[in-house]
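# Results of the structural survey
Here are the chains, one letter per residue:
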Amino acid sequence: LKAAVLYYGGSELPHPKADLPVLVVRAGKDSAQLNERLGGMFQSALGANVRWELINVPLGHHAFDILDDTQESRDIIRQTLDFLSNRLAPNPQGSLPAKTAPAVGPPAAARTAAAHLFGREWELAETAYRNWLTEHPDDSDAWLLQGTAQLEMKKLDEARTSLETALRLDSEVPGANVMLGRLEVEQKQYAKAVSHLKRAIQLAPQDSEAHFQLGKAYLFSQRPEESAASLEEAVRISPGNGYAWNFLGMASMALKRYARAAESFQKVLAYVPNDPTVNYNLACAQALAGEKDPAFASLERAVAGGYKDRQNMTTDPDLSSLRGDARFQDILKRLE
């Protein structure tokens, strides 16, 4: 490897290469979760004193290099190509020319709609797709993405209409089945949700979101064994899905698989380390697994993060193994 470019998102960085130039580009309007991971990764690189550069794109959406038809985006692409050219060309001839041929790609209206969707700007995305569908009423993907925005805004009736229209136009769209399954879960129609989500998995077996939503539907309908199996598949396909790990923890608790529950909740803490509910649930799993000291550490983090339900902590049977310890009484005193 002679150089690397990383656009949006990040991961753990256990052993950064000292001799590898890396350019990291951060999209300012990307999800908070992705940018938090990117920030942690870049800080690890700085701590290792390696050859990394960071460019921030304040107004950039996720996939800005494809979707944002702006001067800012074009400038970043040019800087990226310069970075690569200067490190990979046998005899670099300086920067790229100031002008290049115009790019050919999706229509501007379609790019704008997708940018709003990636930016989680749901109202703007819905409006953009509605405008697009006025002229392209047979675009099943647009109906699906409009329905996704409506579902995020809890416009459930409008979302159902959009998603069912997407399926009517193309019955082989797995995403429409996934979103309809999610909608049915929100409306507690679990049997319908299972039907849609199984169809989505039939069409796209590696769709992590479909397995995740199916695991939720099974858990809420009191089928923890099937829930755990679906959620295990979800985290196998997408190990960065903190939501799936959280539900896997709950399913594992229902099945009395306490060690697996604790492991799952710990995965969630990689994204929300101070969340009081996740830390409390982790403490319960650890206490039931006989891990007394880690359980107290998790309870301490839960209280520090804002957990306040003293009555629940006093009566919760999951914590019964801790109540005879003086540390438990100390924690309760802080909740008075």
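Everything below is about the structure printed above this text.
Remember, it's a predicted structure, so these values are computed and weren't measured experimentally.

Attention shifts here to the layout of surface pockets. Its volume calculated, the largest pocket comes out at about 1400 Å³. Around the largest pocket, the lining is made up of 33 residues, and of these Gln33, Arg120, Glu152, Glu209 and Tyr243 lie nearest the centre. Among the secondary structure elements, those contributing two or more residues to the lining of the largest pocket are helix 1 (32-47), helix 4 (108-118), helix 6 (140-152), helix 8 (174-186), helix 10 (208-220) and helix 12 (242-254). In terms of residue class, the lining of the largest pocket is made up of 14 nonpolar, eleven polar and eight charged.

This brings us to the pairing of strand 2 (residues 22-27). Across the six residues that make up strand 2, a large majority, five, are buried. As paired strands, strand 1 (residues 4-7) and strand 2 are joined by four bridges and run parallel to one another. The residue of strand 2 that forms the bridge with Ala4 is Val22. With six bridges connecting them, strand 2 and strand 3 (residues 52-57) associate as parallel partners. Within strand 3, the position partnered with Val22 by the bridge is Trp52.

Before going further, it helps to spend a moment on the nonpolar core. Within the largest apolar cluster, 50 residues are counted, with the highest numbers of intra-cluster contacts made by Val25, Phe64, Ile76 and Leu144. Ignoring anything within four residues of it in the chain, the contact list for Leu144 reads Leu163, Ala166, Val173, Gly175, Ala176 and Met179. With 37 residues, the next largest nonpolar core counts Phe212, Ala244, Trp245 and Val268 among its residues.

Ordered in space as 1-2-3, the three strands form an open sheet in which the pairing is parallel. With partners counted over all chains shown, the strands left at the sheet margins are strand 1 and strand 3, one partner each. Adjacent strand axes in the sheet meet at a mean angle of 15° when their direction is disregarded. With respect to the sheet, helix 3 (residues 71-88) is in contact with strand 1, strand 2 and strand 3, its orientation differing from that of strand 1 by roughly 160°.

Cut-offs applied
Residues numbered from 1 in each chain as written. Predicted model: local features only at pLDDT ≥ 70, side-chain atom pairs only at ≥ 80, totals over all residues. Heavy atoms only, no water. 1 Å grid on protein atoms, 1.4 Å probe; cavity = no way out; pocket = protein on both sides within 12 Å on 5 of 7 lines; lining within 4 Å. Points joined across faces, edges and corners; volume = space filled by probe spheres on them. Helix = DSSP H or I, 4+ residues; strand = E, 2+ residues; numbered from the N terminus. Nonpolar A, V, L, I, M, F, W, Y, C, P; charged D, E, K, R; others polar. Buried < 20%, exposed > 50% of the residue type's maximum accessible area, 1.4 Å probe, protein only. Pairing = 2+ DSSP bridges. Core = buried A, V, L, I, M, F, W, Y, C linked by side-chain atoms within 4.5 Å. Contact = heavy atoms within 4.5 Å. Axes fitted to C-alpha atoms, helices over the stretch in contact; angles between N-to-C directions.

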